[in-house]
Amino acid sequence: MVLTPRQLALATLERQFLLERRRLDVAEAVRRVCALQAQEPASPYLALWNRVRDFAPEDLDAAFAEGRVVKASLMRITLHAVHAEDYAYHHAAMLSTLRASRLYDRRFGATGLSPDEVDALFPELAAFLAQPRTGVEVRDELAGRFGEHADRVWWALRTYGTVHHAPTGGPWSFTRRNAYRAAAPTASRTGKGTDTGVDPGVDPGEGVRRLLLSYLGAFGPATAQDFARFTLLTSPVIRQALHELDAEGRVVRVAGPGRDPLFDLPDATVPAEDTPAPPRLLPMWDSTLLAHAGPGRLMPVEYRPLVVRRNGDVLPCLLVDGQVAGVWRAREGALELTAFRALDTAAWEGLSEEAEALLSLLSTREPEVYRRYGHWWDKGLPPGAETRTVSA
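Keep in mind it's a predicted model, so treat the numbers as computed, not measured. (Residues numbered from 1 in each chain as written. Predicted model: local features only at pLDDT ≥ 70, side-chain atom pairs only at ≥ 80, totals over all residues. Heavy atoms only, no water.)

**Focus on the pairing of strand β10 (residues 317-320)**
As a general feature of sheets, a regular strand has side chains that alternate between the two faces. Judged by which residues are buried, β10 turns out to be covered on both faces: Cys317 and Leu319 on one side and Leu318 and Val320 on the other are all buried. In this structure, strand β9 (residues 280-282) lies alongside β10, joined through three bridges in antiparallel fashion. Each residue of the ladder has a partner; that of Leu281, found in β10, is Leu318. Here β10 pairs with strand β11 (residues 323-331) via four bridges, running antiparallel. The partner of Leu319 across the bridge, within β11, is Val324. (Buried < 20%, exposed > 50% of the residue type's maximum accessible area, 1.4 Å probe, protein only. Helix = DSSP H or I, 4+ residues; strand = E, 2+ residues; numbered from the N terminus. Pairing = 2+ DSSP bridges.)

Structure, rendered in structure tokens:
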């Protein structure tokens, strides 16, 4: 059987719990969907609200506070929330990419320091980060040694070192004034243990394989190019991981609509073509829109310039029958839903029900969530776009 584009979209929706909300512990839900984009503090909460039945934001507050879910720079050199037990593997997979993004940048080059010199700093810095510290506190700590270069040294280390963002309070556990703490040490690949540092204690190849399996379980079937889009890992690294997993029988090839081979887990299933997809109100930078090459499975190509802005911001989206159909924003205690095309009555009713439920959640946290991005709505919408406002 050759999978159709519709089936691939449905597979992503099913594995992301967007066909049906599941009753799951929040940490387990995060693990099952691989990772949640977390550049904006609200986004992991709204992502889980879309996926977990009877989601209570207090449960995610507790998971962050207890360290069962952690927030760190990982895939695509952006902030993600991941299950604590997956962090070391995800970090090992991404370490070379994270390091290169900073140590080969001219801003770091201006410090005159070598990569080895910066790496050697981390054990001492990790001791300082045994308790949460603000960025200002860390820069002050480094200023005595590096003077004007302290900012750039910290910019590099907080990106590729084993550093987590520490919860700083409401409304979404984290604020724009970040705090940081060192990740807990993990057992090393030699079995002797390792101090917290730039080495996560996991073989990088095993990290890539683990991340790839997690990715396929959450977003598959997928191509090597899809995985590269999700991670920014290089083609040789991905090909090696796929070769090893294929040889072990841990991935299989499936036929799809394109020329590039699709890979999946051996026991994974794909929904039937006629499976209905309910409406959803996705948060900013939802991972489903960033997990595949090209516009992605859920994004009509003509809508991409409207949703993905010129600086990379990915707006909160309306999903109708599994496809992006517009955008939404919170405004003056209501939700403004803008559809890029004509929608039927049933679609508007479904979106309105979702909006009312989301307003209830936002009312206790941040009624005008993502307000700072409202200027994008003033940049023009396509002819024929329709906007409706849903009040609490």
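**Structural notes on the side chain of Thr97**
With respect to the helices, strands and loops of the structure, Thr97 is situated in helix α5 (residues 84-103). Among residues more than four places away in sequence, those in contact with Thr97 are Ile77, Leu232 and Leu233. (Contact = heavy atoms within 4.5 Å.)

**Section: the packing of aromatic side chains**
The description of an aromatic ring pair uses the distance of the two centres, along with the angle that the planes make with each other. Going through the model one piece at a time under the given rule, you end up with eleven aromatic pairs. Plain terms: the ring middles of Tyr215 and Phe230 are 5.2 Å apart, the flat faces sit at 40° to each other, and that makes the pair tilted. Taken as a pair, Tyr215 in helix α10 (residues 204-219) and Phe230 in helix α11 (residues 224-231) lie far apart in primary sequence, 15 residues in all. Across this residue pair, the class does not change: Tyr215 and Phe230 are buried. (Phe/Tyr/Trp six-rings, centres within 6.5 Å; stacked < 30°, edge-to-face > 60°.)

**Here's the deal with the packing of helix α7 (residues 115-128) against helix α9 (residues 150-160)**
Packing of α7 against α9 brings their axes to within 11 Å, and their N-to-C directions diverge by 70°. Looking at the two axes, α7 sits roughly perpendicular to α9. Contact residues: Pro115, Val118, Asp119, Leu121, Phe122 and Leu125 in α7; Val153, Trp154, Leu157 and Tyr160 in α9. (Axes fitted to C-alpha atoms, helices over the stretch in contact; angles between N-to-C directions. Parallel < 35°, antiparallel > 145°, perpendicular 65-115°, else oblique.)

**Quick word on helix α8 (residues 135-146)**
With twelve residues, α8 should reach 16 Å at 1.5 Å per residue; the first-to-last C-alpha distance of 15 Å fits that figure. Among all positions of α8, only Gly135, Val138, Leu142 and Phe146 are buried. Taken end-on, α8 shows its buried residues confined to a sector of 65°, consistent with a single buried face. The exposed residues of α8 that point more than 90 degrees off its buried face are Asp140 and Gly144. Of the surrounding secondary structure, the elements contacted by the buried residues of α8 are α7, β4 (133-134), α9 and β6 (179-182). Among the residues trailing α8, Gly147 stands out with phi positive, at a value near 55°. (Expected span 1.5 Å × (residues − 1). Arc of directions from axis to C-beta.)

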